[in-house]
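Listed here are the chains, written in short residue letters.
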Amino acid sequence: MNNTKIIIVGAGLSGLMIAYLLQKKGLEVIIFEADTRIGGRIETITGTTGATMEMGATWFSKPHQHLIALLNELKIAYFKQHTQGISFFETMSFVPPQKFEISDAEEPSYRIVGGTATLIQKLVAGVGIQNIQLQTKVTAIKEVDNHLEVTDSDGIVYIGATVISTLPPHLLIQTITFEPILPDSIQQLARKTHTWMGESIKFAMEYASPFWRELNYSGTLFSQASIIQEMYDHNTSDNKGYALKGFLNGGTHTLSEEERKAKVILQLTKLFGTEAANYVEYHEKVWRDEPLTFFPYEQLLMGHENNGHPDYKKPLLNGKLYISGSETASANPGYMEGAVVAAKNIASQF
């Protein structure tokens with residue numbers, strides 16, 4: 001049995017940010033992460049060419065002021081998403097795609113220099129790797145007198161004065177048992193809370209050169225007709241790594257990776273010509289196949305359904321258990337901004 005003060009469940013952006021803020025207040029924290037890696041729904045992969053590709057959280061914009069303030073505090077640079085050139089909009093498979101250009105007057109999106117994982121790395125450095133315990137999957141939380149007993153999948157029991165969960169609420173309620181059981185209202189709410197990115201399939205095509213820019217294409221695509229539903233130029237900020245990246249139709253999770261890849265190549269060659277088939281590597285992430293992120297819903301949930309619900313603000317188990325994470329944020333829930341807002345909200349209560 002191990003003693004600690006504040007236990008944070010989940011080493012994604014929210015969990016790391018909460019730890020970072022609580023440590024600033026002089027509090028002792030430990031983060032339990034079930035996975036072998038840190039970052040949660042932030043995952044940057046580096047291809048063989050050096051291109052950094054986001055399989056998770058990617059973009060933010062000027063209204064995301066809490067995130068931008070954090071990036072500035074940690075001295076993390078960011079850059080404007082490339083949108084110059086001809087973009088495509090596919091309405092139906094048998095109709096030629098519409099071509100359009102994105103106005104410079106539009107509110108730009110931004111990406112983090114070096115990849116979104118840069119933010120995770122900076123927070124880990126701040127929190128201290130010694131305060132993060134990987135491959136520690138919490139399975140039970142029990143209230144005992146004035147503390148909580150936290151049991152992991154190996155049967156090890158930890159003692160915490162407070163536990164803060166940053167798991168998606170739907171995942172939390174399905175994978176951790178509570179004693180005493182949580183109020184029925186919270187259980188029902190969590191079951192009906194959408195998990196951001198849960199159904200998403202992210203893909204990236206890594207290339208040796210940015211042929212689309214050379215052809216005056218922006219790399220932006222919106223489609224209602226093919227497997228790629230949304231896509232953008234994903235070159236690195238220094239323009240030394242080249243990729244196209246976006247979202248695939250979530251329904252194609254039933255296909256194999258090879259089948260999805262074949263459909264992606266077919267769609268890209270139709271739009272850009274044969275050069276699109278001359279890729280270096282195909283990468284993808286099917287988030288519904290990640291049991292540490294996504295648990296299948298009992299009923300259909302709408303995107304962001306019940307995200308930011310006010311009931312998540314109330315601590316449970318006599319003030320010893322907090323439910324946090326991006327889905328609980330009062331502003332921009334489900335996004336990186338929401339993760340930071342949720343963390344600030346929790347930290348303000350200590």
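Above this text sits the structure in question.
The model shown is predicted, which means the values in this text are computed figures rather than measured ones.

**Q** Give me the overall build of the protein chain: which residues, what numbers.
**A** Each helix and strand in the protein chain was counted, giving 8 helices and 22 strands. A globule of 350 residues ought to have a C-alpha radius of gyration of about 20 Å, and the protein chain, at 21 Å, matches this closely. Projected onto its principal axes, the C-alpha positions of the protein chain cover 65 × 40 × 35 Å. Residues classed as buried in the protein chain amount to 54% of the 350 residues present. In the protein chain, the proportion of contacts linking residues at least 24 apart, taken out of those at least 6 apart, comes to 71%. Looking at the protein chain as shown, the accessible area adds up to about 15000 Å², and 51% of this sits on carbon and sulfur atoms. Here the protein chain carries 29 positive and 37 negative side-chain charges, and the mean point of each set is 4 Å from the other.

**Q** Report on the pattern of salt bridges, specifying residues and quantitative values.
**A** A full pass over the atoms with the stated rule returns 12 salt bridges. With a closest N to O distance of 3.3 Å, Arg37 and Glu43 form a salt bridge. For Glu43, a relative accessible area of 16% translates into the label buried. In this structure, the salt-bridge partner of Asp233 is Arg213, at a minimum N-O distance of 2.8 Å. Placement of Asp233 in strand β19 (residues 228-233) and of Arg213 in helix α6 (residues 211-214) is noted, with a sequence separation of 20 residues between them. By relative accessible area, which is 27% here, Arg213 ends up partly exposed. One connected set of salt bridges, linked through shared partners, spans Arg37, Glu43, Lys285 and Glu290.

**Q** So what about a nonpolar patch on the surface? Which residues, and what values?
**A** A cluster of nonpolar side chains, namely Met92, Phe94 and Val95, defines an oily patch on the protein surface of about 310 Å² accessible area. Tracing the chain through its elements places Met92 in the loop between β8 (86-90) and β9 (98-101).

**Q** Lay out the sheet that holds strand β22 (residues 321-323) with the relevant residues and their values.
**A** With respect to topology, 5 strands assemble into an open sheet ordered β11-β3-β2-β15-β22, the strand pairing being parallel. The outermost strands of the open sheet, each flanked by one partner alone, are β11 (132-133) and β22. The pairing of strand β2 (residues 6-9) with strand β15 (residues 162-165) spans 4 bridges and is parallel. What sits directly across from Ile7, in β15, is Val163.

**Q** So what about empty space enclosed by the protein? Which residues, and what values?
**A** With the rule as written, the count across this model stands at 2 cavities of 30 Å³ or more. When its volume is computed, the largest cavity comes out at roughly 70 Å³. Around the largest cavity, the lining residues are Tyr312, Lys313, Ile323, Ser324, Thr328, Ala329, Ser330, Ala342, Asn345 and Ile346. For the second largest cavity, the calculated volume is near 60 Å³. If you trace the second largest cavity, you find it lined by Thr52, Glu54, Phe79, Arg111, Ile112, Gly114, Gly115, His234, Thr236 and Ser237. Considering only residue class, the lining of the second largest cavity consists of 2 nonpolar, 6 polar and 2 charged.

**Q** Before we move on, could you go through helix α1 (residues 13-24) and cite the residues and values that matter?
**A** An α-helical segment advances 3.6 residues per turn. Residues three or four places apart therefore align on the same side. Compared with an ideal rise of 1.5 Å per residue, which puts 12 residues at 16 Å, α1 spans 17 Å between its outermost C-alpha atoms and is within 8% of the ideal. Taken across its 12 residues, α1 has 10 buried, putting it largely inside the fold. Buried within α1 we find Leu13, Ser14, Gly15, Leu16, Met17, Ile18, Ala19, Tyr20, Leu21 and Leu22. A positive phi of about 85° marks Gly26, the residue just after α1.

**Q** Pulling in residues and values, what's your account of the packing of aromatic side chains?
**A** Pairs of aromatic rings are described using the distance from one ring centre to the other and the angle between the two planes. If you walk through the whole model with that rule in mind, you get 18 aromatic pairs. Seen in terms of ring centroids, Tyr78 and Tyr110 are 5.5 Å apart; in terms of plane orientation they differ by 80°. Their pairing is edge-to-face. Of the two residues, Tyr78 sits in strand β7 (residues 78-80) while Tyr110 sits in strand β10 (residues 109-112), which places them 32 residues apart along the sequence. Residue classification places Tyr110 among the buried positions, given a relative accessible area of 11%. Ring plane angle 20° and centroid distance 6.3 Å describe the contact between Phe100 and Phe222, whose orientation is recorded as stacked.

**Q** Outline the packing of α1 against helix α3 (residues 117-127), listing residues and values.
**A** For the pair α1 and α3, interaxial distance at closest approach is 9 Å and the crossing angle is 35°. For the element pair α1 and α3, the recorded crossing hand is left-handed. On α3, the residues that touch Leu13, Leu16, Met17, Ala19, Tyr20 and Gln23 of α1 are Leu119, Ile120, Leu123, Val124, Gly126 and Val127. When its residues are assigned to classes, the contact of α1 with α3 shows 10 nonpolar, 2 polar and no charged.

**Q** Outline the sheet that holds β7, supporting the account with residue identities and numerical values.
**A** One open sheet accounts for 3 strands, arranged β6-β10-β7; its pairing is antiparallel. Since the sheet does not close on itself, it has two edges, and those belong to β6 (60-61) and β7, each with one partner. Here β7 runs beside β10; their pairing, made up of 3 bridges, is antiparallel. Within the sheet, the bridge partner assigned to Phe79 lies in β10 and is Arg111.

**Q** Residue-level account of α3, with values.
**A** Those residues of α3 not exposed but buried are Ala117, Thr118, Leu119, Ile120, Leu123, Val124 and Val127. Those residues of α3 that are buried lie in contact with α1, β3 (29-32), β4 (44-46), α2 (65-73), β10 and β11.

**Q** Quick rundown of unusual backbone geometry? Include the residues and the values.
**A** Residue Glu179 is joined to Pro180 through a cis peptide bond whose omega torsion reads -5°. Mapped onto the fold, Pro180 is located in the loop between β16 (177-179) and α5 (184-191). At Gln135, a residue that is not glycine, the phi angle is positive and equals roughly 50°. Here Gln135 shows up in the loop between β11 and β12 (138-144).

How each quantity is defined
Residues numbered from 1 in each chain as written. Predicted model: local features only at pLDDT ≥ 70, side-chain atom pairs only at ≥ 80, totals over all residues. Heavy atoms only, no water. Helix = DSSP H or I, 4+ residues; strand = E, 2+ residues; numbered from the N terminus. Rg over C-alpha atoms; globule rule 2.2 N^0.38 Å. Buried < 20%, exposed > 50% of the residue type's maximum accessible area, 1.4 Å probe, protein only. Contact = heavy atoms within 4.5 Å. Areas by Shrake-Rupley, 256 points an atom, 1.4 Å probe, with all protein chains shown as cover. Lys, Arg positive; Asp, Glu negative; His and termini not counted. Charge placed at Lys NZ, Arg CZ, Asp CG, Glu CD. Salt bridge = Lys/Arg side-chain N within 4 Å of Asp/Glu carboxyl O. Patch = residues over 30% accessible without salt bridge, like charges linked within 9 Å, V, L, I, M, F, W, Y side chains within 5 Å. Pairing = 2+ DSSP bridges. 1 Å grid on protein atoms, 1.4 Å probe; cavity = no way out; pocket = protein on both sides within 12 Å on 5 of 7 lines; lining within 4 Å. Points joined across faces, edges and corners; volume = space filled by probe spheres on them. Nonpolar A, V, L, I, M, F, W, Y, C, P; charged D, E, K, R; others polar. Expected span 1.5 Å × (residues − 1). Phe/Tyr/Trp six-rings, centres within 6.5 Å; stacked < 30°, edge-to-face > 60°. Axes fitted to C-alpha atoms, helices over the stretch in contact; angles between N-to-C directions. Left-handed = near helix turned anticlockwise from the far one by under 90°.

The values are spatial; any link to function lies outside them.
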